[in-house]
Amino acid sequence: MEHLIRLPKAKRWAPNIYKIGLTGGIGNGKSSGLNVIGKHHVTLDCDKLAHNLYLKGNPLLEPLVREFGSDILLADGNVNRPFLARKVFAVPQKLLLLNQLIWPTLMQCVKEAILAFEGTGNSIICVEAAMMVEMGLHKQMDEIWVFGCPEEVALPRLLRRGNYLMEARHRIASQLPLEERARHAELFIDTSAPIEKNQEILRNRLREVEKQVGPSRSEYNLTQLPCSVGCKTCLPLELRMERARRR
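Residues numbered from 1 in each chain as written. Predicted model: local features only at pLDDT ≥ 70, side-chain atom pairs only at ≥ 80, totals over all residues. Heavy atoms only, no water.

Asker: An account of the packing of helix α3 (residues 61–68) against helix α5 (residues 92–117) is needed here, citing residue identities and associated values.
Answerer: Between α3 and α5, whose axes approach to 10 Å, the crossing angle comes to 165°. In terms of axis orientation, α3 runs roughly antiparallel to α5. Handedness of the crossing formed by α3 with α5: right-handed. On α5, the residues touching Pro 63, Leu 64, Glu 67 and Phe 68 of α3 are Lys 94, Leu 97, Leu 98, Leu 101 and Ile 102. (Axes fitted to C-alpha atoms, helices over the stretch in contact; angles between N-to-C directions. Helix = DSSP H or I, 4+ residues; strand = E, 2+ residues; numbered from the N terminus. Parallel < 35°, antiparallel > 145°, perpendicular 65-115°, else oblique. Left-handed = near helix turned anticlockwise from the far one by under 90°. Contact = heavy atoms within 4.5 Å.)

And the structure:
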């Protein structure tokens, strides 16, 4: 199952940038897809961006500590993200609470980054977020690409990353079902298929998008961007945008 399911949506905002949203469950091969796109266009990894929200000095740390306890903090004042994850993934109510705290600021950071990027001479950006549909970020994209595979394929991948079996199952169970995520897709990539086949599908679709909106025209590093929302102390520290490259 790898095909365009419906036509791309009309642009709603930042009209000079074509925004591709890349999403999929944990262990579903999103990173490999992002690497292919990053060879030609700028990419924004929302997972890395979200990591900055857990750093010492971020305004979100106060409500996080209040809700989940001071034991989530490391000696350096940053949040121990693996420890926090173990606290919340097994308890749906706690995971919901964490998402309610993080998602609004993350959404605003992403939108400000794209708006600032709009005037740089580039025409295409790919935004990767595992929870794109859940947080409603897919509504801000022009086109959604969903990476997916059966649980029996994703689970061994997670175990190879060092996840314990029960933890891996909790993480998979906490996610939106693949069928629901795929319902929002313009392009679905079955990552249980050979990686070479999927890379060719991605390159072909990128060429179609480039014909429609034009290729990227310059290099730009988003770490230079100012940010006026809650991540203003952390955006310059760790947000990494792959520089657009000419073909």
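The rest of the description comes next.
Asker: Break down helix α10 (residues 195–213) for me, citing the residues and quoting the values.
Answerer: In an α-helix, one turn spans 3.6 residues, which is why side chains three or four residues apart end up on the same side. Between its first and last C-alpha, α10 extends 27 Å over 19 residues, near the 27 Å set by a 1.5 Å rise per residue. Burial in α10 covers these residues: Asn 198, Ile 201, Leu 202, Arg 205, Leu 206, Val 209 and Glu 210. Buried positions along α10 lie against β1 (18–24), α1 (30–38), β3 (124–128), β4 (143–148) and β5 (187–190). (Expected span 1.5 Å × (residues − 1). Buried < 20%, exposed > 50% of the residue type's maximum accessible area, 1.4 Å probe, protein only.)

Asker: Tell me about the pairing of β3, and please be specific about residues and values.
Answerer: Taking burial as the measure, the five residues of β3 include five buried ones, the bulk of the element. Along β3, one buried face is formed by Ile 124, Cys 126 and Glu 128 and the opposite face, lined by Ile 125 and Val 127, is buried too. Alignment of β1 against β3, held across five bridges, turns out to be parallel. Counterpart to Ile 20 in the pairing with β3 is Cys 126. (Pairing = 2+ DSSP bridges.)

Asker: Lay out the pattern of salt bridges in plain terms, naming residues and giving numbers.
Answerer: Summed over all chains, the structure comprises eight salt bridges. Glu 134 is the partner of Arg 181 in a salt bridge, and the nearest nitrogen-oxygen pair spans 3.2 Å. Of this pair, Arg 181 sits in helix α9 (residues 178–182) while Glu 134 sits in helix α6 (residues 132–135), and the two are 47 residues apart along the sequence. Classification of Arg 181 as buried rests on a relative accessible area of 2%. Glu 134 sits in the partly exposed class, given a relative accessible area of 23%. (Salt bridge = Lys/Arg side-chain N within 4 Å of Asp/Glu carboxyl O.)

Asker: Give me the lowdown on α3, citing residues and values where you can.
Answerer: Turning to α3, its buried residues are Leu 61, Pro 63, Leu 64 and Phe 68. Take α3 and look down its axis: the buried residues cluster within an arc of 165°, on one side only. Residues of α3 that are exposed and point more than 90 degrees away from the buried face comprise Glu 62 and Arg 66. Residues of α3 that are buried sit in contact with α4 (81–89) and α5. With its phi angle positive at about 100°, Gly 69 sits one or two positions after the end of α3. (Arc of directions from axis to C-beta.)

Asker: Tell me what's going on with the nonpolar core, and back it up with residues and numbers.
Answerer: In terms of nonpolar packing, the biggest core is built from 41 residues, with Val 110, Ile 114, Val 127 and Leu 137 touching the most fellow members. Within the residue set of this core, elements represented by two or more residues are β2 (42–45), α2 (46–52), α3, α4, α5, β3, α6 and β4. With 11 residues, the single largest contributor to this core is α5. Formed by 16 residues, the second largest nonpolar core is a distinct cluster that contains Leu 34, Leu 187, Ile 201 and Leu 206. (Core = buried A, V, L, I, M, F, W, Y, C linked by side-chain atoms within 4.5 Å.)

Asker: Break down the confidence of the model for the protein for me, with residues and values.
Answerer: Predicted coordinates in regions of low pLDDT should not be interpreted in detail. In the predicted model, the protein carries a mean pLDDT of 77, and the fraction of residues at 70 or more is 74%. Here residues 217–247 scores under 50 on pLDDT; set against residues more than four positions off or in separate chains, the count is 79 contacts. (pLDDT = per-residue confidence, 0-100.)

Asker: Lay out the environment of Lys 87 with the relevant residues and their values.
Answerer: Turning to its location among the elements, Lys 87 is positioned in helix α4. Residue Lys 87 is classed as partly exposed on the basis of its relative accessible area of 23%. The spatial distance from the C-alpha of Lys 87 to the C-alpha of Ile 72 is 9.2 Å, given a sequence separation of 15 residues. If sequence neighbours within four positions are ignored, Lys 87 has contacts with Phe 68, Asp 71, Ile 72 and Lys 94.

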